[in-house]
Amino acid sequence: MASNISGNAYALTILSPIKNSFTDDEVSYADTVRDRLQSWNSEPNSPMALVPQTYLCRYFVLDDVYTESLPGASAIDTLIDLLPFVPDSLRRCYWPKEDHLNSSYLVFSCNFHCGPNADLDGYLRNMWNTISDKIKEVWGFCHGFDGVDNADKFIDYMKKCQFEATLFFVGSNDDPLEEQLKALYLKQEFSKFAVSNQGLDTATLRANFKGFIQRVAPANLTAPTWTAGGYRIDKLVKRG
Amino acid sequence: MSNIAGKAYAMNVITPIRSYLTWVNKLIFWAAVKVPGVLTGLVTLSLIHYARWVIIPKDKFPHLDPSQPKENLNYNYMLFFSNFNGSWDQYVDSFTFAIPGGLDLFWKWNIRYSKSVALTPFHDYIRYNQLETIHYYNAYPLAASNDVKSAKTVKSSLIQFEKDTQTVSDEEFLKLYNGLLRGLQHDLGDMYPTPIVTMSAYQVERRQKWHEGKLAEAGENHGK
Amino acid sequence: MTKKLDLLDIQGNVIRAYGRFGYPVARYVCLNVRDGAKGREFVGSISKKVTTAVEWGDGPGKMKQPDWTINISFTYQGLKDLGVPTSSLIGFSPEFVSGMKARRDILGDDGPSSPQHWDPIWQRNRETRENDVHILVSINALAGQGLDWLKTAEKNRDQAYKWFQGEVDKTKGGVVILDGHLGDNGEQFKYQDAKIVLDNGKPTSKEHFGYTDGISDPVFEGVPYDENRVKGRGKQIPGGKWAPLATGEFLLGHVDEAMEYPPSPEPVLLSRNGTYMVYRKLHENVATFDRYLEEQGSKFPGGKELLAAKFVGRWRDNGAPLVKAPDAESKAKYDAQFAAADEQGKDDLLSDFTYDDDMSGGKCPFSSHIRRINPRASLEMIHEEAGFTPLGAFLSLFLPPSWLGMFKKAGDKPGSLKVSKGAFNTPGALSDRRRLLRRGLPYGEVKDRTRDDGNHGIIIMMVNADINRQFEFVQQQWINYGNDFKAGNDKEIILGNHSLDDKFPSKAVLQVDPNSDQAPFLLSDIPRLVETRGGEYFFIPSITALHMIARGVVDPT
């Protein structure tokens, strides 16, 4: 599955079929999954913030596929332009066919740092170990998930639902998340340092820089650094 | 729904593709990675954290249980996932302005793809085939892709500078410090919340509450 | 085949910035339509005098330049109350329908720029029907010759206004003039006056901070009198050449840069040759500006005037672009050249430049006004790290990296950016669809430069075919945000909605030549220099559409 991997970054694509059923309140399982996911949005932070090495990820429900039918965009249309006698019936029979899915699918698309060994199992194991409650909350409505009650079974299940990417583009970088967050912290802090130390005499600047380096500890990835998923500027920095 | 997490927007687009043309598309994707220069436009735009294309063959939708009905489809489906910076319009527009040929190369194998110029049919095509995200998580909501990249430069430059200036004179220190700033002159942009790109009053209020740490008061707690 | 516009069908303010054509004085009046039928009659009588874009001068098809001009535009509410049918109204753009006040979050009109600080007329707008701004009429007046040039202009304006008031009176309350434009001493006026800034009684083309304004107004296809002005004002095409922008970027019913007709209301007769206009009253905090410039200028290595130029990208005295005159020495040479040049030469010196030789911003900083408002081709930029050459990258698929030493390239100099050649469809791809025609004039006088709270600023009117894609995008992404310029949240220095909240202090990096030994200068704690005092989105119809609105015959069925 090499095309899921770009350097040390991994593109995980999961489609899990949701059962065609409904709850006692007459809400379909697909809608229930949507509602559960929606409720994650009102928590102080996403459960995914707890899963190590997650850069960005998303959940949604695929109810159906779409058949967009713009006229004039097919080869036959061009042919009709060029040839005087292409019967309209030919054009009609070339119109797109209409497709529909027989199940809704829970889609989970995730980008994470997998390291040089492309460690998908490790990522999924951490996911199970940190947020298994949340996993069950949504995957519990999916076909084949009954009996998934430990990390190994979860890994197996996810692999059955996995799709390979045909192209994975990494526009930022593939560093470990701690590395990225620390770097962001340093960027913000150094910008402030540069502003407040502009124009000072060299001795003071040098002393201040020494203090700065001690305070921000560039090599220490644990602290101080940014918290994963932090929105609030005044709550962003995690101190030791 | 929530297509936005801080500075990132989650776009999902699903489009039908004829099964006998799928291999051409795959070939092009393969070449895009291998042949230098093909992705230069994308790299220059610098608006994407991570993006991927996934092709699902019509008979390969996961079938995990005998009680699950089998899919019966005419076409394969291409899923496109992108984590980009900016608003929907900004992203779609920037792409069609800057690299219309590249977009067409990737999508023209899809049924009734409109081509990226003119803009309005392309907008419609994407809108009709877009799937809304329900939950979107971003590890660094305040950072754009540019910020993640420049942060890496800042970190390595700082570490190098500290190493280089351990024993130098004050005069040399200043010279190197000026060099440090000069080298980072495109990497020191502040990282604050992104400008509001949605006109959904609910989203605006929610965002305000979030930044003030009062999300719990936003009065929504459904689903559990 | 050269495109030629039907100038008789297009309102004159779309094509002409009147200030540049000898009209130093303007008056803007807002109206509320109380009675649809009388309102239509009123529109009919105004439309007879509306100034078109026809060529001025002697000769066939030309007209004598008028002593005053009058132009008319409408808000969404105005069109509705004048009886434009719903089936037409739904074709207008959502941002036009919602209005500027509702778009404040998108525009960054917060803090001192938020609607509660707007002039009463704009605060009351879209709150109750009786106070809604429906129509905007703008009058521009021609200057006279000799010493009385300004008095003559004011006389022309008064004459125009008198005629206009007569037409309003004829409606017997069917159309009323709204007051609430704030004046010098907090009094509320029935009109907003504007005029060029004077220097010892002499006319200038400056605004209150001292910058020359309105040099790089876009040039688009079909305007016969703009043909010599395309360099630096059209779109940048390969080889540093210029071509006029597509007409549809500024006029509905014409093909735009995407080779399609911009989204427009139906029927075509209603929208063709019409366009959207963004009206904004922007207050200038002159005391804060002077103080900030003084304070930072005393620390800036190049001195105060160069710093003032860095804010905008042009020198204050004659508008010389920093790209052509980056320091005092080159400025002296530029000035000599400028003094010796003829009119066309002067215009080229001001406008004909690219950022191709200043991709790193050492001359014109990334957060300066002109680079943000119109980046030309400079967003096609890249910084390359060390790595393989393209051929090396290809060979590395088959050969071990240790064999490929000769196919490696050094990275770009730290802190530098260069043109990413051929990355985009055209060099200016990211700018060409974000352009704005800029109209309007300064208002008020600065009586005391040590105070911010006087009545002075600019009335800016920006014309574009798509408010969302053009004006709002530039305002939000390029003025109040900096990611496209690799500047994070750093804002444009002059117009940015710099925050007063010390959690979000505003700064800007003034870049230096990456090959020099200098350090970039960091502007810190940038104060809010410009504040919004009101505004709205208007539709400027063609003459044809104006007649149709007046007769109540707009009908898309």
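Each value, and the rule that gives it
- Residues numbered from 1 in each chain as written.
- Chains lettered and ligands numbered in written order.
- Predicted model: local features only at pLDDT ≥ 70, side-chain atom pairs only at ≥ 80, totals over all residues.
- Helix = DSSP H or I, 4+ residues; strand = E, 2+ residues; numbered from the N terminus.
- Buried ≥ 20, exposed ≤ 12 C-beta atoms within 10 Å, placed from the backbone.
- Rg over C-alpha atoms; globule rule 2.2 N^0.38 Å.
- Contact = placed C-beta atoms within 7 Å.
- Pairing = 2+ DSSP bridges.
- Nonpolar A, V, L, I, M, F, W, Y, C, P; charged D, E, K, R; others polar.
- pLDDT = per-residue confidence, 0-100.
- Core = buried A, V, L, I, M, F, W, Y, C linked by C-beta atoms within 7 Å.

For the rest of this paragraph, the subject is the overall build of chain B. The secondary structure content of chain B amounts to 8 helices and 5 strands. Ordered by position from the N terminus, the helices and strands of chain B form the series β-β-α-α-β-β-α-α-α-β-α-α-α. The 224 residues of chain B split such that 53% are buried.

Moving on: the overall build of chain A. Looking only at helices and strands, one finds 7 helices and 8 strands in chain A. At 25 Å, chain A has a C-alpha radius of gyration far larger than the 18 Å of a compact globule built from 240 residues. Taken over the C-alpha atoms alone, chain A extends approximately 85 × 55 × 35 Å along its principal axes. A total of 240 residues make up chain A; the buried ones form 41% of that total. Counting contacts in chain A only where the partners sit at least 6 residues apart, residues at least 24 apart contribute 74% of the total.

The 5 strands lie next to each other as β6(A)-β3(B)-β4(B)-β2(B)-β1(B), forming an open sheet whose pairing is antiparallel. The strands lining the two open edges of the sheet, one partner per strand, are β6 (165-170) of chain A together with β1 (4-5) of chain B. Alignment of β1 of chain B against strand β2 (residues 8-17) of chain B, held across 2 bridges, turns out to be antiparallel. Within β2 of chain B, the position partnered with Ala 5 of chain B by the bridge is Ala 8 of chain B.

Here we come to the interface of chain A and chain C. Taken together, the contact between chain A and chain C spans 6 residues of the former and 5 residues of the latter. For the side of chain A that touches chain C, the class distribution of residues is 3 nonpolar, 2 polar and 1 charged.

Before going further, it helps to examine the confidence of the model for chain B. Residues and elements named next belong to chain B. The pLDDT averaged across chain B works out to 86; a share of 88% of its residues lies at or above 70. For chain B, per-element mean pLDDT is lowest for helix α8 (residues 201-211), which scores 66, and highest for helix α7 (residues 170-183), which scores 98. Residue range residues 217-224 is modelled with pLDDT below 50. Its contacts to residues more than four positions away, or to other chains, number 13 contacts. Under the prediction, the complex receives an ipTM of 0.93, its pTM being 0.95.

Attention now moves to the nonpolar core. Counting residues in each nonpolar core, the largest one holds 259 residues, and the members touching the most others are Leu 106 and Leu 184 of chain A together with Val 137 of chain C. Leaving out residues up to four positions away in the same chain, Leu 106 of chain A has contacts with Ser 16, Ile 18, Val 33, Val 61, Val 138, Trp 139 and Cys 142 of chain A.

Moving on to the pairing of strand β18 (residues 456-464) of chain C. All names here are of chain C. Counting buried positions along β18 yields 9 of 9 residues, so the element is predominantly enclosed. As judged from the 8 bridges shared by strand β12 (residues 275-284) and β18, these two strands associate in the antiparallel manner. Following the sheet pairing, Tyr 276 is matched in β18 by Asn 464.

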